[in-house]
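Structural description and commentary
What follows is the residue order along each chain.
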Amino acid sequence: MVRRTLGAWAVLVVGSLTLTACGGSAKADNDKGPAEDSAARITISAKDGSTGASINATGVKVSGGELTEVKMTLAGTEQAVPGALSADNKAWKPKEQLERGTKYQISAIAKNTDGRTSAANSIFTTVTTANSFIGTYTPDDGSTVGVGMPVSFTFDKAITDKKAVQSGITVSSSSGQKVVGHWFGAQRLDFRPEEYWKAGSEVTMKIDLDGVEGAKGIHGVQDRTVRFTVGRSQVSTVDAGTQTMTVVRDGKTIRTIPISAGSPENTTYNGQMVVSEKFVQTRMNGSTVGFGGEYDIPDVPHAMRLTTSGTFIHGNYWYAKGNPPFGRQGTSHGCVGLQDVQGAQGDTPAKWFYDNTLIGDVVTVKNSPDKTVAPDNGLNGWNMPWSAWTAGSAL
């Protein structure tokens, strides 16, 4: 893995000559004695005057003594940056991640076993937004997700050294499943196993991108560990031919629900689709997905996103009450509709499905006259063969 550490360690020592400058002698300058050699040596990770310092690894260390005082502020101000000493007083680091493109000042004092003091200072600037990249990722730390939930990164800059960046992210599961990354273009990297995650497994994602050069002069800034839990297995199959959905949990059918899929003019995608968002109510405006002014519903109940392009499985309260389409015919603009009431308060099939669905659950559509959903249209990489998936890895 290619790594470049931002802000090389700078050793700044103030010995006895500096501390006694008013009474210093030529002998003290040219013939350092044992006392000066034993002075505590303070190391500030960001060199004085440097730019591009790490927002994660910046801190202070000492050898041959203990830190007695460390003060970090926004440069030119008295605004303190909170930090903490280690238990042995050998190191200090900020309590929170630093801001990008910000100028800071650190002043540190240490003493050796004889009580002699040393001091060090550094004024530096952290890596700027223009010269760094971050990845927005899902799922969140501590979340519980369905078996179809991939790990998905979207980077805010185009990545040219995909190998370096992918090497900086490891995803492992307590199930022992092999997890492989796949690049969708230059800014999206997803990870998944060959088959759905094993129910009940614990997944750990380690992000070690701080200092990694993702493109020329563009370095990563993230350094953290994310853990999430895979819940029970739930895969629901929508049959557009029979206009029904069968909900299977942990291998057993728990409910069959009448649905209304896309109309003959606006068919529903086939394929495996992962629930990526849930809304008790949301607005759906046809003009945002290419349907002009055909519809604009401000309070669609129990909506669960299946694709980036606008496919949802959601409640429908505006159907013709005298001629309900559920279980009979497709009438939507490509979504999967379930019987519901306005306000999302009733005991309806849509509410039941919403309450029993996790982010990451799978909804598979079959027997629709439409094509299979694209693997990068939402979190839907399961529609790509494993051989093609692994071929898209940079490692």
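Residues numbered from 1 in each chain as written. Predicted model: local features only at pLDDT ≥ 70, side-chain atom pairs only at ≥ 80, totals over all residues. Heavy atoms only, no water.

Let's talk about the overall build of the protein chain
The line we're drawing: Each helix is a run of H or I in the DSSP string that is no shorter than four residues. Each strand is a run of E no shorter than two, and both are numbered from the N terminus. Each residue is placed in one exposure class: buried if its accessible area under a 1.4 Å probe, protein chains only, is under 20% of its type's maximum, exposed if it is over 50%, and partly exposed if it falls in between. Shrake-Rupley sampling with a 1.4 Å probe provides the accessible areas, and residues are treated as covered by the protein chains on show and by no other component.
A tally of helices and strands in the protein chain yields six helices and 28 strands. Looking at the protein chain as a whole, 47% of its 395 residues are labelled buried. Entry remark: accessible area of the protein chain is about 18,500 Å², with carbon and sulfur atoms responsible for 49%.

Some details on the environment of Lys93
Along the chain, Lys93 turns up in strand 6 (residues 91-94). When the C-alpha atoms of Lys93 and Val81 are compared, they prove to be 9.9 Å apart, with 12 residues separating the residues in sequence.

Details of the sheet that holds strand 15 (residues 188-193)
So the rule is basically this: By definition, two strands form a pair when at least two bridges between them are found by DSSP. Axis definition: a line fitted to C-alpha atoms, limited for helices to the stretch in contact. Angles are taken between N-to-C directions and run from 0 to 180 degrees.
Read from one edge of the open sheet, four strands run 10-12-15-14, paired in antiparallel fashion. The open sheet has two edge strands, strand 10 (135-138) and strand 14 (179-184), and neither has a second partner. Between one strand axis and the next, the sheet turns by 20° as a mean value, whatever way the strands run. By the bridge criterion, six bridges tie strand 14 to strand 15 in an arrangement that is antiparallel. Bridge pairing in strand 15 links Phe184 to Arg188.

Re the side chain of Asp190
The cut-off we apply is this: Identification of polar contacts relies on pairs of N or O atoms within 3.5 Å, with a donor-acceptor requirement for protein atoms, meaning one able to donate a hydrogen and the other able to accept it, and with residues adjacent in sequence counted only if both atoms are side-chain atoms. In this analysis, two residues are considered to be in contact whenever any of their non-hydrogen atoms come within 4.5 Å of each other.
Note on placement: Asp190 falls in strand 15. In this structure Asp190 comes out as buried when scored by relative accessible area, which is 1%. Within polar-contact distance, the side chain of Asp190 engages the side chain of Arg188 at 2.8 Å. Not counting chain neighbours up to four residues away, the residues in contact with Asp190 comprise Val151, Ser152, Phe153, Val180, Gly181, His182, Phe184 and Trp389.

Some points on the sheet that holds strand 11 (residues 144-145)
Reading across from one edge, 11-19-16-13 is the order of the four strands in this open sheet, with mixed pairing throughout. Every other strand in the sheet has two partners, leaving strand 11 and strand 13 (169-173) as the edge strands with one partner each. Examined bridge by bridge, strand 13 and strand 16 (residues 202-208) share five bridges and lie antiparallel to one another. By the bridge assignment, Val171 is partnered in strand 16 with Met205.

Section: the confidence of the model for the protein chain
Convention followed: The predictor reports its confidence for every residue as pLDDT, a score running from 0 up to 100.
Overall, the prediction assigns the protein chain a mean pLDDT of 90, with 89% of residues at 70 or greater. Low pLDDT, under 50, characterises residues 1-36; the stretch is placed with 66 contacts to residues that sit more than four places away or in other chains.

A look at unusual backbone geometry
At the junction of Thr138 and Pro139, the peptide bond is cis and its omega measures out at 5° in the coordinates. The backbone of Gln243 shows a phi angle near 55°, a positive value even though the residue is not glycine. On the secondary structure map, Gln243 appears in the loop between strand 20 (234-239) and strand 21 (244-249). The class for Gln243 is buried, based on a relative accessible area of 6%. Phi is positive for His302, which is not a glycine, with a value near 50°. On the secondary structure map, His302 appears in strand 25 (residues 296-305).

Let's talk about the pairing of strand 15
With six of its six residues buried, strand 15 lies for the most part within the structure. Here strand 15 shows a buried face lined by Arg188, Asp190 and Arg192 and a second buried face lined by Leu189, Phe191 and Pro193. Note that strand 12 (residues 151-155) and strand 15 share four bridges and pair antiparallel. Looking at the pairing, Thr154 lines up with Arg188 of strand 15.

A closer look at the pattern of salt bridges
To keep it simple, the criterion reads: For salt bridges, the criterion is a side-chain nitrogen of Lys or Arg within 4 Å of an Asp or Glu carboxyl oxygen.
According to the stated counting rule, one finds seven salt bridges in the structure shown. Between Asp156 and Lys157 there is a salt bridge, with the nearest N and O atoms lying 4.0 Å from each other. Judged by its relative accessible area of 37%, Asp156 falls in the partly exposed class. Taking relative accessible area as the criterion, Lys157 reaches 22% and is therefore assigned partly exposed. The shortest N-O distance in the salt bridge between Arg283 and Asp296 comes to 2.7 Å. You can see Arg283 sitting in strand 24 (residues 277-285) and its partner Asp296 sitting in strand 25, a full 13 residues away along the chain.

Quick word on the environment of Ala261
If you trace the backbone, Ala261 turns up in the loop between strand 22 (252-258) and strand 23 (271-274). Using a relative accessible area of 2% as the deciding quantity, one classes Ala261 as buried. Spatially, the C-alpha atom of Ala261 lies 6.3 Å from that of Thr331, the residues being 70 residues apart in sequence. Once you skip the residues sitting within four places of it in the chain, Ala261 turns out to touch Gln243, Thr268, Gly330, Thr331, Ser332, Cys335 and Val336.

Quick look at the nonpolar core
As a rule of thumb, nonpolar side chains are buried together in soluble globular proteins. Selection criterion: Among the buried residues, those of types Ala, Val, Leu, Ile, Met, Phe, Trp, Tyr and Cys that are joined through side-chain atoms within 4.5 Å form a nonpolar core.
Counting residues in hydrophobic clusters, the biggest one holds 33 residues, and the most contacted among them are Phe153, Phe155, Ile169, Val171 and Met205. Only strand 12, helix 4 (162-167), strand 13, strand 14, strand 15, strand 16 and strand 19 (223-230) provide two or more residues apiece to this core. Setting aside its immediate chain neighbours within four residues, Phe153 contacts Gly135, Thr136, Tyr137, Ile169, Gln187, Arg188, Leu189, Asp190, Phe191, Met205 and Ile207. If you look at the next biggest cluster of nonpolar residues, it comprises 22 residues, including Ile42, Ala53, Val70 and Leu98.

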